Amino acid sequence: MSYYQDNETTRDGFVCAYGRFYAQPGRVERVDSSSLRSMFLPKLTPEGRRQLNAGYSDEFVRGQLKHYGVQFDESEISGNGTLLMKKALQAGKCDKVPDHISELRKQMHAEWLNKLTSEQLSDHPEWVIERYFLSSDRLDHSKTTTVMNEAASKVTGLHRATGLGPKTQTIFMGWDSVAVGKAAKSHAAKEAKELQAAENKREDERAEMHTNYLNTIKRKKGPRTYSPVGSYIIDCKQIEGEWPDEAGDLSLDIRQTKEHNVFEASFDFGVLEGVMIISAEKNALEQYCSQLDYEAESEGEEDEEGDWSEEEDEDREKIDVEDKVENDRKPAIGSKRRAKGLQGHGPPPKKSKARGAQPRMYLLKLKCRETGEGVIQSTEQRGTIKFKDENLDGFIGKANLPCVGQGVPFSARKISDTPACPGNSWADYSESAYEYARVGRWH
């Protein structure tokens, strides 16, 4: 037993050893949130009772609450802690492990790995990889360099040098010190040249797509009606600079809604994807988005109530009609089924007297989701787009983008008058959708 304890890392009431993370007292491992719920809610199950009986007194409950960072007063816990466990689960306090505890586990695991001897590591190649090649479960090139240099230093006559490029660092080894040094020094310039060539090729391909679209328009005969509707390729220096691997194919597709001068757009900005509502008229934009928000939240409430019978649906529709007649300014609740696309069902915004040339300046609101963690950003953000000329084949935009920045500039070039089919709707980024996704990640 002392052998295992000598290799343990202990801190802040936790113990880490051999890839396991325990809460003290009792060396209690964390049980995932969904399993805890099934054990204790709505009532204690045989599996839950087995877990309680496996430890001493209330150690299991205390351990789980410690793993989930739940603070409580000693007066709240009694017996084996079942009532307190139920209370914490019902309040959603065990939905997610706090970031500081997750980070503590990573640090303690790294410290434990560093205690191991070469002999102990030899039987566990996965620990070798973690110790010498990874940091926070990701490749750490600085660690790799250290290991290679340490190994090379033990070989008599073997020369080594590190070449630092704009994106990678490479270790060069050989018996000729001059050749090794020359190769390392030339690495940066060589890699920069390769990266620039790849970027030039990418830009040539994108420019060709835009040029082909312009040539197609020129060949069309008859009067031309210009519209924002279409498919666009997007360039955003801030995203390309901070997340180059995610910025290869940024895109935006604009579609006309049933409301005049109100457009819907689906966008993929690499690290973010979502929906924009666009209009040249501020009041129309505000009213349309408010209606969509109302419908999304109403739908969420109806989903919680369960399915309605046909008779109940008919009664609700009658009530809706009566309410609309009584006060036409109130938004109609409508059917419980989600409308296809983003279509306003409330009173239409005031229409322009004439539908002549399209304006060049538009306001926008957007909601989105982080593509990495899948976190929904349900708070609407604002922005603007301004088309370069009356042809509406390219524009300069600026928007507040969660996790990227405020007033982030981007540009667009049209490649088709036909937008791609929408993948998501405004309702998919509502507060209800956020809550549903949040719970889903931990259950």
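Residues numbered from 1 in each chain as written. Predicted model: local features only at pLDDT ≥ 70, side-chain atom pairs only at ≥ 80, totals over all residues. Heavy atoms only, no water.

**Quick notes on the sheet that holds strand 1 (residues 9-11)**
- The four strands lie next to each other as 1-2-3-4, forming an open sheet whose pairing is antiparallel. If you trace the sheet from one side to the other, it starts and ends with strand 1 and strand 4 (28-29), each paired once.
- With four bridges connecting them, strand 2 (residues 14-17) and strand 3 (residues 20-23) associate as antiparallel partners. Paired with phenylalanine 14 across the bridge in strand 3 is alanine 23.
- In the packing of helix 6 (residues 99-115) onto the sheet, contacts are made with strand 1, strand 2 and strand 3, and the angle to strand 1 comes to roughly 145°. (Pairing = 2+ DSSP bridges. Helix = DSSP H or I, 4+ residues; strand = E, 2+ residues; numbered from the N terminus. Contact = heavy atoms within 4.5 Å. Axes fitted to C-alpha atoms, helices over the stretch in contact; angles between N-to-C directions.)

**Overview of the confidence of the model for the protein**
- Per-residue pLDDT for the protein averages 82, and the proportion of residues at 70 or more is 79%.
- Per-residue pLDDT stays below 50 along residues 303-313; that stretch engages in five contacts with residues further than four places along the chain or on separate chains.
- Across residues 329-346, where pLDDT falls below 50, the model places 38 contacts with residues more than four positions away in sequence or in other chains. (pLDDT = per-residue confidence, 0-100.)

**Structural notes on helix 3 (residues 46-54)**
- Those residues of helix 3 lying buried are Gly48, Gln51 and Leu52. When helix 3 is viewed along its axis, its buried side chains cluster within an angular range of 100° and face the same direction. In helix 3, the exposed positions angled more than 90 degrees off the buried face are occupied by Pro46, Asn53 and Ala54.
- Each element contacted by the buried residues of helix 3 is listed here: helix 2 (33-40), helix 4 (59-67) and helix 5 (82-90). (Buried < 20%, exposed > 50% of the residue type's maximum accessible area, 1.4 Å probe, protein only. Arc of directions from axis to C-beta.)

**Looking at the pattern of salt bridges**
- For the structure on display, the rule yields 22 salt bridges.
- In this structure, glutamate 199 and arginine 202 form a salt bridge, with 3.4 Å as the shortest nitrogen-oxygen distance. One end of the pair, glutamate 199, and the other, arginine 202, are both in helix 10 (residues 177-219), three residues apart, so they sit about a helical turn from each other.
- For glutamate 199, a relative accessible area of 36% gives the class partly exposed.
- A salt bridge links glutamate 264 to arginine 255; the shortest N-O distance between them is 3.0 Å. (Salt bridge = Lys/Arg side-chain N within 4 Å of Asp/Glu carboxyl O.)

**So, helix 6**
- Along its 17 residues, helix 6 runs 25 Å from first to last C-alpha, staying within 8% of the 24 Å computed at 1.5 Å per residue.
- Of the positions making up helix 6, those classed as buried are Ile101, Leu104, Met108, His109, Trp112 and Leu113.
- At its buried positions, helix 6 is contacted by strand 1, strand 2, strand 3, helix 4 and helix 8 (125-133). (Expected span 1.5 Å × (residues − 1).)

**What about the side chain of histidine 109?**
- Here histidine 109 shows up in helix 6.
- Discounting residues that sit within four places of it in the chain, histidine 109 has contacts with Cys16, Gly19 and Glu130.

**Considering the packing of helix 2 against helix 5**
- Close contact between helix 2 and helix 5 brings their axes to 10 Å; oriented N to C, the two are set at 125°. Between helix 2 and helix 5, the angle falls in the class oblique. Remark: the crossing between helix 2 and helix 5 carries left-handed chirality. Facing Leu36, Arg37 and Phe40 of helix 2, the residues of helix 5 in contact are Thr82, Met85, Lys86 and Leu89.
- Of the residues assigned to the contact of helix 2 with helix 5, the class counts are four nonpolar, one polar and two charged. (Parallel < 35°, antiparallel > 145°, perpendicular 65-115°, else oblique. Left-handed = near helix turned anticlockwise from the far one by under 90°. Nonpolar A, V, L, I, M, F, W, Y, C, P; charged D, E, K, R; others polar.)

**Here we look at the pairing of strand 3**
- The hairpin formed by strand 2 and strand 3 contains two residues between the paired strands, and tyrosine 18 there has a positive phi angle of roughly 55°.
- Two strands pair when backbone bridges link them, and strand 3 and strand 4 are joined in this way by two bridges, in the antiparallel orientation. The residue of strand 4 that forms the bridge with alanine 23 is valine 28.
- Once strand 3 ends, the chain turns through four residues before running back antiparallel as strand 4, passing glycine 26 with a positive phi of about 95°.

**Quick look at the packing of aromatic side chains**
- Taken as a whole and assessed by the stated rule, the structure comprises eleven aromatic pairs.
- Taken together, a centroid distance of 6.0 Å and an interplanar angle of 80° make the contact between phenylalanine 263 and tyrosine 362 edge-to-face. Of the two residues, phenylalanine 263 sits in strand 11 (residues 262-268) while tyrosine 362 sits in strand 13 (residues 361-370), which places them 99 residues apart along the sequence. Residue phenylalanine 263 shares its accessibility class with tyrosine 362, and that shared class is buried.
- Ring centres of phenylalanine 395 and phenylalanine 410 lie 6.3 Å apart, and the angle between their planes is 85°; this geometry places the pair in the edge-to-face category. Remark: phenylalanine 410 occurs in strand 16 (residues 405-416) and phenylalanine 395 occurs in strand 15 (residues 394-401); sequence separation between them is 15 residues. (Phe/Tyr/Trp six-rings, centres within 6.5 Å; stacked < 30°, edge-to-face > 60°.)

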